[in-house]
Amino acid sequence: MLIDINLPHSKYEITIDTLPNLTFDRKVLIVTNPKVGGFHLKYLLQKINAKEIYIVTLPDGENYKNMQNLEFLLDRCFDHRLDRKSLLIALGGGVIGDMTGFASSIYQRGVDFIQIPTTLLSQVDASVGGKTGVNNKFGKNLIGAFHQPKAVYIDTYFLRTLPLREFVSGIAEVIKMAVVFDSEFFKWLEINDLSEDKNLEYAIKRSIELKANVVSQDEKEAGVRASLNYGHTFCHVIENFTNYSTYLHGEAVAIGIIMANELAHSLGFLSDDEKQKIFNLIKKYNLPTYYKVENIDKFYETFFLDKKSSNSKIKFILPNSIGSYIISDDVNVDDIKKVLEKFTDIYIEND
Ligand code: NAD
Ligand code: GLY
């Protein structure tokens, strides 16, 4: 199955299928980490035919998504005398994908790269759309570039080795797409089970179609692409407070969605019934739904560290029903703090 992505200066295909045999008349450098490489490098190498193939293994984890490892990767590109026609291939989750993409955007002013995502989160979101980058001491993904891949190959075979918690974390991004763009998909997620292969493939396909549609309209996030940050305004504060170590990204997104919904509900956009339906879907996949806010003022101030907040305004993506949303950057501070107040209690499981 193929999904096209059409942008003003590039277009590419996203293939959702068994990884095909790939032949390249140029040098190829595969970037992976020890865990993913240990499971899947052999499989990938069996499928690739190229002039020369090199492999770079970066350390595993968000903590290593930084300038130091980017430089390490670029040094290996020079060691192997990659030229401007060479190709980088990212084999891994969002961390490897973002770093490989960024390296390929700046190596000799830009070379091609291909995404072979191996987590659900990177299959439904991170591998598509060309956001690349690394973290620094000031925050996540603050150094980077828009650089579109030449192709994305999504093979659910890779997910067989993915820990359940990582898999579930990816489902949060699927739910995000459904709530923001597609009420039918949301209903489908309510009644179907993503542990079945055919359902999983459908959910991946639909998520990518939705993302591809948004990115095609707004490659560089001048407008509508911001909708993909639904739940992320709160999520980034939670991740910051918990040092990116308590929650996986999708888990923090799930909580962020619940908090954004409370805000949307309190402002009269989202009905009780729909707020509850989204909560139930998040619960269905055993994603977390609550974060205890210890200090409302501190939580509020931390919104401003987000790179999406500009001119001292916080941008919220607020569903006004399932399948549609508004983007608001003028929510009153008191309204925001009233919502945060609701998260200062002890958590009640079946709220
Ligand atoms: P990740 O890349 O850290 O992968 C999660 C863990 O799963 C890692 O330990 C990894 O080694 C392991 N793993 C990966 N594939 C595996 C497999 N098939 N079997 C077993 N283990 C496997 O995290 P992620 O959730 O994939 O991505 C998160 C990153 O993606 C963040 O850095 C985030 O900023 C970025 N992101 C980018 C975009 C974008 O548009 N570029 C969108 C969303 C997230
Ligand atoms: N993951 C958000 C985006 O690609 O814009």
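Keep in mind that what you see is a predicted model, and the values were worked out from it rather than measured. (Residues numbered from 1 in each chain as written. Chains lettered and ligands numbered in written order. Predicted model: local features only at pLDDT ≥ 70, side-chain atom pairs only at ≥ 80, totals over all residues. Heavy atoms only, no water.)

A. Quick look at the sheet that holds strand β5 (residues 87–92). One open sheet accounts for 7 strands, arranged β1-β2-β9-β6-β5-β3-β4; its pairing is mixed. With partners counted over all chains shown, the strands left at the sheet margins are β1 (2–6) and β4 (48–57), one partner each. The sheet shows a mean angle of 20° between the axes of neighbouring strands, taken without regard to direction. Bridge count between strand β6 (residues 112–117) and strand β9 (residues 151–154): 2 bridges; the pairing is parallel. Residue pairing across strands places I114 opposite A151, the latter belonging to β9. (Pairing = 2+ DSSP bridges. Helix = DSSP H or I, 4+ residues; strand = E, 2+ residues; numbered from the N terminus. Axes fitted to C-alpha atoms, helices over the stretch in contact; angles between N-to-C directions.)

B. Fine view of the pattern of salt bridges. With the rule as written, the count across this model stands at 21 salt bridges. For the salt bridge of E52 with K27, the shortest nitrogen-to-oxygen distance reads 3.9 Å. Taken together, the positions of E52 in strand β4 and K27 in strand β3 (residues 22–32) put the pair 25 residues apart, joining distant regions of the chain. The exposure class assigned to E52 is partly exposed, which follows from its relative accessible area of 31%. Linked by salt bridges that have partners in common, D125, E173, K176 and K211 make up one network. (Salt bridge = Lys/Arg side-chain N within 4 Å of Asp/Glu carboxyl O. Buried < 20%, exposed > 50% of the residue type's maximum accessible area, 1.4 Å probe, protein only.)

C. Looking closely at the site of ligand 1. The environment of ligand 1 is made up of 26 residues, and the closest members are E62, K65, T118, T119 and T161. Between G94 and ligand 1, the recorded distance is 2.8 Å, taken from a backbone N or O atom to an oxygen atom. With respect to ligand 1, the side chain of K140 contributes an N or O atom lying 3.5 Å from an oxygen atom. Computed on the free molecule, ligand 1 has an accessible area of 870 Å², of which 91% lies beneath the protein chains in the complex. Put simply, the parts of the chain that give the shell around ligand 1 at least two residues each are α1 (34–47), α3 (94–106), α4 (120–126) and β8 (139–146). If you tally residues by element for the shell around ligand 1, the top one is α1, at 4 residues. Among the residues making up the shell around ligand 1, the classes are represented as 8 nonpolar, 8 polar and 10 charged. (Near = heavy atom within 4 Å. Polar contact = N/O pair within 3.5 Å; in protein donor to acceptor, adjacent residues only side chain to side chain. Areas by Shrake-Rupley, 256 points an atom, 1.4 Å probe, with all protein chains shown as cover. Nonpolar A, V, L, I, M, F, W, Y, C, P; charged D, E, K, R; others polar.)

D. Local environment of the site of ligand 2. Neighbouring ligand 2 are D125, K131, K211, E221, R225 and L228. In the environment of ligand 2, an oxygen atom lies 2.9 Å from a nitrogen or oxygen atom belonging to the side chain of K131. Between ligand 2 and the protein, one listed contact pairs an oxygen atom with a side-chain N or O atom of K211 at 2.6 Å. Against a free-state accessible area of 200 Å², the protein chains account for coverage of 86% of ligand 2.

E. Structural view of unusual backbone geometry. Look at R81: it is not a glycine, yet its phi comes out positive at around 50°. For R81, the position within the fold is in the loop between α2 (67–79) and β5. Classification of R81 by relative accessible area gives exposed; the value is 63%. Its identity as a non-glycine residue notwithstanding, N286 has a phi of 55°, on the positive side. For N286, the location among the structural elements is in the loop between α10 (272–284) and α11 (296–302).

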